[in-house]
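An overview of the molecular structure
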Amino acid sequence: MRYFIILSFLIFSCTSDQIKESNIDSKAQDILSQMTLDEKVGQMAQINLTVIAKGPTKWSSSFPLEIDPKKTRKALVDFKVGSVLNTINNTAQKPETWFKTISEIQKYSMDSTRMGIPIIYGIDAIHGTTYTDGATMFPQQITTAASWNEENAYNMALVCAYETRASGIPWNFSPVLDLGIDPRFPRQFETFGEDPLIVERFGKAMIRGYQGDNNDVSNKYSVAACMKHFVGYQAVISGKDRTPAYIPDNVLSEYHIEPFKKAIESGAKTVMINSGLINGVPVHADYNLMINVLRNKLGFEGVILTDWEDIRKLHDRDKVAKNQKEAIKMAINAGIDMSMVPYEYEHFIRNLKSLVEEGEVSMDRIDDAVLRILKLKLELDLFNNPVTNYEEYDDFGSKKHHQLAYKAASESITLLKNNDDILPIKGNSRILVTGPNANNMRTLNGAWTYSWQGDLTDDFAGEYNTIYEAVRNTYGSNNVRYVPGVSYRNGGSYYDMDEINIQKAVQEARRSDYIVLCLGENTYTEKPGDLNDLNIHKLQSKLAVELSKTGKPIILILNLGRPRLISDIEPLMSAVVNVYLPGNFGADALADILSGKVNPSGKLPYTYPAYPNSLLPYYYKPSEVQNNAQGAYNYVGEVNNLYDFGYGLSYSDFKYSNFAVDKDTFNLSDTLNIGVFVTNESDIDGYETVQLYSSDLYASLTPDIKRLRDYDKIHIKAGETKRLTFSLPVSELEFYNYKNEPVVEEGRFKISINDKSKEIYIK
Ligand code: BGC
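Residues numbered from 1 in each chain as written. Predicted model: local features only at pLDDT ≥ 70, side-chain atom pairs only at ≥ 80, totals over all residues. Heavy atoms only, no water.

1. Some words on the site of the ligand
- Around the ligand lies a shell formed by Leu85, Asp124, Phe173, Arg187, Lys228, His229, Arg242, Met272, Asp307, Trp308, Met340 and Glu526.
- Residue Asp307 places a side-chain N or O atom 2.6 Å away from an oxygen atom belonging to the ligand.
- A distance of 2.6 Å separates an oxygen atom of the ligand from a polar atom in the side chain of Glu526.
- Relative to its free-state accessible area of 310 Å², the ligand is covered by the protein chains to the extent of 95%. (Near = heavy atom within 4 Å. Polar contact = N/O pair within 3.5 Å; in protein donor to acceptor, adjacent residues only side chain to side chain. Areas by Shrake-Rupley, 256 points an atom, 1.4 Å probe, with all protein chains shown as cover.)

Shown next, in the form of structure tokens:
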């Protein structure tokens, strides 16, 4: 009986999903069949909110936010624009303001147009609902990846979907599925790091959090996700934002496309295109990537959105289109469905219309794009529920949500050095907290926090604790002193710094038992975050060196979006803790780790480089190996990193034993069964992330030194031993060969976990 019920439930839910889908399909077809060309091309334009808000220009609005009836009528009624994004003046708004604004906008598009099609509002809510005052700000993606626990990514997306809907917004430009392989790139913090498997697993978890278990985004707690930036965005030559990348097809397939493939299989509704260029082709004009790969090979059926002004850039920046009209023709014919214009929408709409009339863009292409946009709007139930109401979201900014953000931070913070077990710091110690990152909320959160560049965070997040405040709350005001030493310059570019009072910090250090030195970066993203020198700012090194002369133990807290070079000062530090960008509850989590209330369990999701000319992910090729002490060219040394990918200490001591793989020889259709014992040899309970790697020893294309194939984060009590098993299908040892085909070639492989390994043979 039970089986019958389960079976009928499965049949019912399967058919009801199918019925829903075909209903949406036929409704969208029906609407499309009644639309004029003007109405269709309007749907394909997305404008910035400032364009229709009261204010002096298209770029800046007056405050408080008010919709300008004349501008709105022109855009939404006369030009029939289908989508709006962003906030005004780069500033977070209250949920009630969002509700009022979007309700008003929907009135224009639904009540004053012939077809009554609602607009779809989109926003960047990438580690919490960025542009809403009072939203729960989680750690950034890079931090969350360091927890090696996808549940944290899921929680972040779940809460973010809820709070984004509480702000009346149904579409989120997240998650970032770019590979964070370059520490110079100004958006590495927006990624899940350098490993494709981690990006894939965490990306999938976020799609599930945003869109719900069954991708039913009509649910008022779910939003449509937008994977970005398809594809290869961060693998550039110069390390700078939106600059050329040169990526062979097999490398794109193996490392960059895979996470998108898995997100598409998970049902991701929309995608945003890479704003840069690959092999000389701007991705927004790349038919091969958008149609052959994204649509035909990966089977993506959702909406393809441009990034900011990227059709314009085909002419203005990349010089592949002679004029704006040609740029529009190129991008739409290459597969773009919606253009984030976002200012000069009249030109886009008029030009696109004439291109259709002149036969340069086919009506079929327009219908294809508009159908996808209509379906998305129907799936989100915008025709019935054009705006969700903040009053129905009691959990917005709640304690429950805050706790999930704290949990993510506490599982991510990574202990990189702990000489003589200097940490945890005992109670009643006298502590100096110093450095430019010690006493502000801005640097803890990074960009995309209350504003694009994150520069307004301290105005919005005053109620949460800075590192200094959290340490003071833990150890008491009598024991904790704060002297900045150096600070970021207000109003300057993000890397400008000023010396404030290094000597005062040194004096205070002499009176202290411990120095908690908080260094790192100020907030940035995109072009403003481009970097010319990966070394940490010289004033920060100076502060570290001067403090070290006191002989007092220094605990270095790294608060940064990318691993800045610290090799000169690291030997002077007794302990190093990487908090990355841990969000509004990151300092509380850090204080709990410093005091020992929480046992650290984060592991690096990227390689921490030691030198500016050695910037490689952990899956480098054998020829990258540096000469070692035994002599040149024997390729048995290692590349020189400060800390390796996957590295992170705990207050517990874990020991690995009894590593075994079930056979020596495997067929292509076999599965490897791998087992290992892990013992917690300390008297402190802790979490360990067990990482399974494979190395293809010889292959037709030079193999990577190693690749992560699986991992599991487990809790092991003091003194306890746990046995872990992994099942690894041989097919997962594949790589993409020179013909861009996935293959597993016959030969020897090494399977390893921690310091244990075994060679096997695949035939
Ligand atoms: C960024 C995107 C973002 C978009 C909308 C662009 O400049 O590259 O990641 O989603 O702006 O704000």
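So much for the structure itself; the text now carries on.
2. Quick notes on the environment of Val361
- As for its placement among the helices and strands, Val361 is situated in the loop between helix H12 (345-357) and helix H13 (363-379).
- Placed 53 residues apart in sequence, Val361 and Trp308 show a C-alpha to C-alpha distance of 22 Å.
- Val361 has contacts with Lys329, Ile332, Asn333, Leu352, Leu355, Val356 and Ile366, leaving out every residue within four places of it along the chain. (Helix = DSSP H or I, 4+ residues; strand = E, 2+ residues; numbered from the N terminus. Contact = heavy atoms within 4.5 Å.)

3. Examining unusual backbone geometry
- The amide bond that connects Lys228 to the next residue, His229, takes the cis arrangement and shows omega of 0 degrees.
- Among the secondary structure elements, His229 is positioned in strand S5 (residues 224-230).
- A cis geometry characterises the amide bond from Leu423 onward to Pro424, with omega recorded as -5 degrees.
- Relative to the elements of secondary structure, Pro424 occurs in the loop between strand S11 (414-418) and strand S12 (431-434).
- The phi torsion at Tyr450 lies on the positive side, around 65 degrees, for a residue other than glycine.
- Summarising the element assignment, Tyr450 is placed in the loop between helix H15 (442-445) and helix H16 (457-460).
- On the basis of relative accessibility, which here comes to 1%, the residue Tyr450 falls in the buried class. (Buried < 20%, exposed > 50% of the residue type's maximum accessible area, 1.4 Å probe, protein only.)

4. Considering the sheet that holds strand S3 (residues 120-123)
- The sheet built from eight strands is open, its strands ordered S9-S6-S5-S4-S3-S2-S1-S10 with parallel pairing. Pairing within the sheet leaves two strands with one partner each, and these edge strands are strand S9 (303-305) and strand S10 (339-340).
- The sheet contact formed by strand S1 (residues 45-48) and strand S2 (residues 83-85) spans three bridges and is parallel. Following the sheet pairing, Gln46 is matched in S2 by Ser83.
- Packed on one face of the sheet, helix H8 (residues 249-265) meets S5 and strand S6 (270-273) and runs near 160 degrees to S5. (Pairing = 2+ DSSP bridges. Axes fitted to C-alpha atoms, helices over the stretch in contact; angles between N-to-C directions.)

5. Focus on the domain arrangement of the protein chain
- Domain parsing of the protein chain yields domain 1 (1-33), domain 2 (40-392), domain 3 (413-609) and domain 4 (652-762).
- Relative placement of domain 2 and domain 3: their C-alpha centres are 34 Å apart.
- Of the roughly 2,900 Å² buried between domain 2 and domain 3 on both sides combined, carbon and sulfur atoms contribute 57%.
- Counting the surface domain 2 buries against domain 3, the share from its top three residues, Met137, Pro183 and Phe189, is 18%.
- At the surface where domain 2 touches domain 3, the tally comes to 23 residue pairs in polar contact (both at pLDDT 80 or more).
- Looking at the side of domain 2 that touches domain 3, its residues break down into 16 nonpolar, 11 polar and nine charged. (Domains from an automatic or database assignment. Buried area = accessible area lost by both parts, 1.4 Å probe. Nonpolar A, V, L, I, M, F, W, Y, C, P; charged D, E, K, R; others polar.)

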